Amino acid sequence: METNVIKKINPKKIIIPIVIVIVAVIVGLNSFVVVDAGHTGVVVTMGKVNEGVLQEGVHAKIPFVQSVEKIDNRIQKLEVNTEAFSKDLQSVKTVLAINYRVDTSKSYSIYKNIGSDYENVLVVPAVNEVLKAITATYTAEQSVTNRALISDGLVKGLNEKLNNIGLYVTDVNIIDFDFSEAFITAIEEKQVAQQKLLKAETEKQTKIKNAEADAEAKKIKAKGDAEANNKINDSLTDKVIQNKKIEKWNGELPKVQGDGGTIIDIGSVTEKSK
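Residues numbered from 1 in each chain as written. Predicted model: local features only at pLDDT ≥ 70, side-chain atom pairs only at ≥ 80, totals over all residues. Heavy atoms only, no water.

(A) Molecular detail of the sheet that holds strand β8 (residues 167-178). Strand order in the open sheet formed by three strands is β6-β7-β8, and the pairing between neighbours is antiparallel. Of all the strands in the sheet, just β6 (76-85) and β8 have a single pairing partner and so form its edges. Geometrically, the sheet is characterised by an average inter-axis angle of 25 degrees between neighbouring strands, direction not taken into account. Note: β6 against strand β7 (residues 91-102), 10 bridges, orientation antiparallel. Paired with Ala84 across the two strands is Val92, which belongs to β7. The sheet contacts of helix α4 (residues 118-135) involve β6, β7 and β8, and relative to β6 the element is tilted by about 40 degrees. Those strands touched by helix α6 (residues 147-162) are β7 and β8, and its axis lies near 145 degrees from that of β8. (Pairing = 2+ DSSP bridges. Helix = DSSP H or I, 4+ residues; strand = E, 2+ residues; numbered from the N terminus. Axes fitted to C-alpha atoms, helices over the stretch in contact; angles between N-to-C directions. Contact = heavy atoms within 4.5 Å.)

(B) Main features of the packing of aromatic side chains. One pass over the full model with this rule turns up one aromatic pair. Directly above the ring of Tyr168 sits Arg101, whose terminal nitrogen or CZ lies 4.9 Å from the centroid. (Phe/Tyr/Trp six-rings, centres within 6.5 Å; stacked < 30°, edge-to-face > 60°. Lys NZ or Arg CZ within 6 Å of the ring centre and 35° of its normal.)

(C) Local environment of the sheet that holds strand β2 (residues 39-45). With antiparallel pairing, the three strands of this open sheet are ordered in space as β3-β2-β5. At either margin of the open sheet sits one strand with a lone partner, and together these are β3 (48-49) and β5 (66-72). Sheet topology places β2 next to β5; seven bridges connect them, and they run antiparallel. Bridge pairing in β5 links His39 to Asp72.

(D) Spatial organisation of the pattern of salt bridges. This model, assessed by the stated rule, comprises two salt bridges. The partner of Asp72 in a salt bridge is Arg74, and the shortest N-O contact between them spans 2.9 Å. We classify Arg74 as partly exposed; its relative accessible area is 45%. Between Lys161 and Glu129 there is a salt bridge whose closest N-O contact spans 3.3 Å. Here the residue Lys161 occupies a position in helix α6, and Glu129 occupies one in helix α4, the gap between them amounting to 32 residues. On the accessibility criterion, Lys161 (37% relative accessible area) is partly exposed. Assessed through its relative accessible area of 46%, Glu129 is described here as partly exposed. (Salt bridge = Lys/Arg side-chain N within 4 Å of Asp/Glu carboxyl O. Buried < 20%, exposed > 50% of the residue type's maximum accessible area, 1.4 Å probe, protein only.)

(E) View of the packing of α4 against α6. Contact pair α4 / α6: the axes reach a minimum separation of 9 Å and the direction vectors enclose 130 degrees. Our classification of the angle between α4 and α6 gives oblique. Classified by chirality, the crossing of α6 by α4 is right-handed. Listed contacts from α6 to Leu122, Ala126, Val127, Glu129, Val130, Leu131 and Ile134 of α4 are Ile150, Gly153, Leu154, Gly157, Leu158, Lys161 and Leu162. Across the contact of α4 with α6, the residue classes break down as 10 nonpolar, two polar and two charged. (Parallel < 35°, antiparallel > 145°, perpendicular 65-115°, else oblique. Left-handed = near helix turned anticlockwise from the far one by under 90°. Nonpolar A, V, L, I, M, F, W, Y, C, P; charged D, E, K, R; others polar.)

(F) Broad picture of the environment of Gln142. Structurally, Gln142 can be placed in helix α5 (residues 140-145). Of the residues examined, Gln142 reaches a relative accessible area of 35% and is grouped as partly exposed. Through-space distance from the C-alpha of Gln142 to that of Lys87 is 9.4 Å; in sequence the pair is 55 residues apart. A polar side-chain atom of Gln142 sits 3.0 Å from the main-chain amide nitrogen of Thr139. (Polar contact = N/O pair within 3.5 Å; in protein donor to acceptor, adjacent residues only side chain to side chain.)

(G) Molecular detail of α4. For α4, which comprises 18 residues, the first-to-last C-alpha distance of 25 Å matches the rise-based estimate of 26 Å (1.5 Å per residue) to within 8%. Listed as buried for α4 are Tyr118, Leu122, Val123, Ala126, Val127, Val130, Leu131, Ile134 and Thr135. The buried residues of α4 occupy an angular sector of 160 degrees when the element is viewed end-on, so they sit on one face. Those residues of α4 that are buried lie in contact with β5, β6, β7, α3 (107-113), α6 and β8. (Expected span 1.5 Å × (residues − 1). Arc of directions from axis to C-beta.)

(H) Geometry of the nonpolar core. Ranked by size, the top nonpolar core spans 34 residues in total, and within it Leu96, Ile98, Ile150, Leu154, Leu167 and Val172 carry the most contacts. Going through the elements one at a time, β2, β6, β7, α4, α6 and β8 are the ones with two or more residues in this core. Ranked by residue count, the leading element in this core is α4, at eight residues. Those residues within four positions of Ile98 in sequence are excluded, and the remaining contacts are Gln76, Lys77, Leu78, Val80, Val127, Val169, Asp171 and Val172. Membership of the second largest hydrophobic core comes to five residues, among which are Val33, Val43, Leu54 and Val68. (Core = buried A, V, L, I, M, F, W, Y, C linked by side-chain atoms within 4.5 Å.)

So this is what it looks like as structure tokens:
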């Protein structure tokens, strides 16, 4: 009896509902699309890009007929390694960090005209072109000291080339400049020479200042001595000079030498005459 019951069940009655359910699930899943935050959706119908974009959220679409390409409209970072020649024909290797974004309203036109690889097709070539033009206006040494000006020039130049397409550069950072070994050696030698020159000039100025200070000190001392002497001279009257002589006299009269070398004591002669 059980065998007869099993044989009477038609397999198609089980398989067909299951297939219908699976198909319904697949169709249902393909009838909706979720556009993540910070993205826009570009609808493609049978290979044709529809004008306009889908904003973030859940959207219905025709299953198996329409597909949605998601474009990231957040700030994106791109690192570019490039090489250009400076005004003095030095090879300058530069590493740049570019921050840019895709205009939401232009997402569909960018995808339609360029595709999803717009970074390599548009942004990188534009960076190389603008950087080479700016680098050629500075010497290699000036490139190092004018980083901010070069960065600002890159932002301005890139936006002039890319804004109409729908790409906006928000910031450019110069990560590194790299020069040839010969140029680096020349710069180092120049810096050493400048340091030596500065040191020599400093020592020279120090010697001049010291000499001027010594001369001024001697001048001040001489002036002081002269003023002191003048004061002494002004204070020396005949009476004062006579008193000074008396103070220094030891009480003995001077001796003079007579004819034949005889020493005559004036004091003795004076006493005898008395």
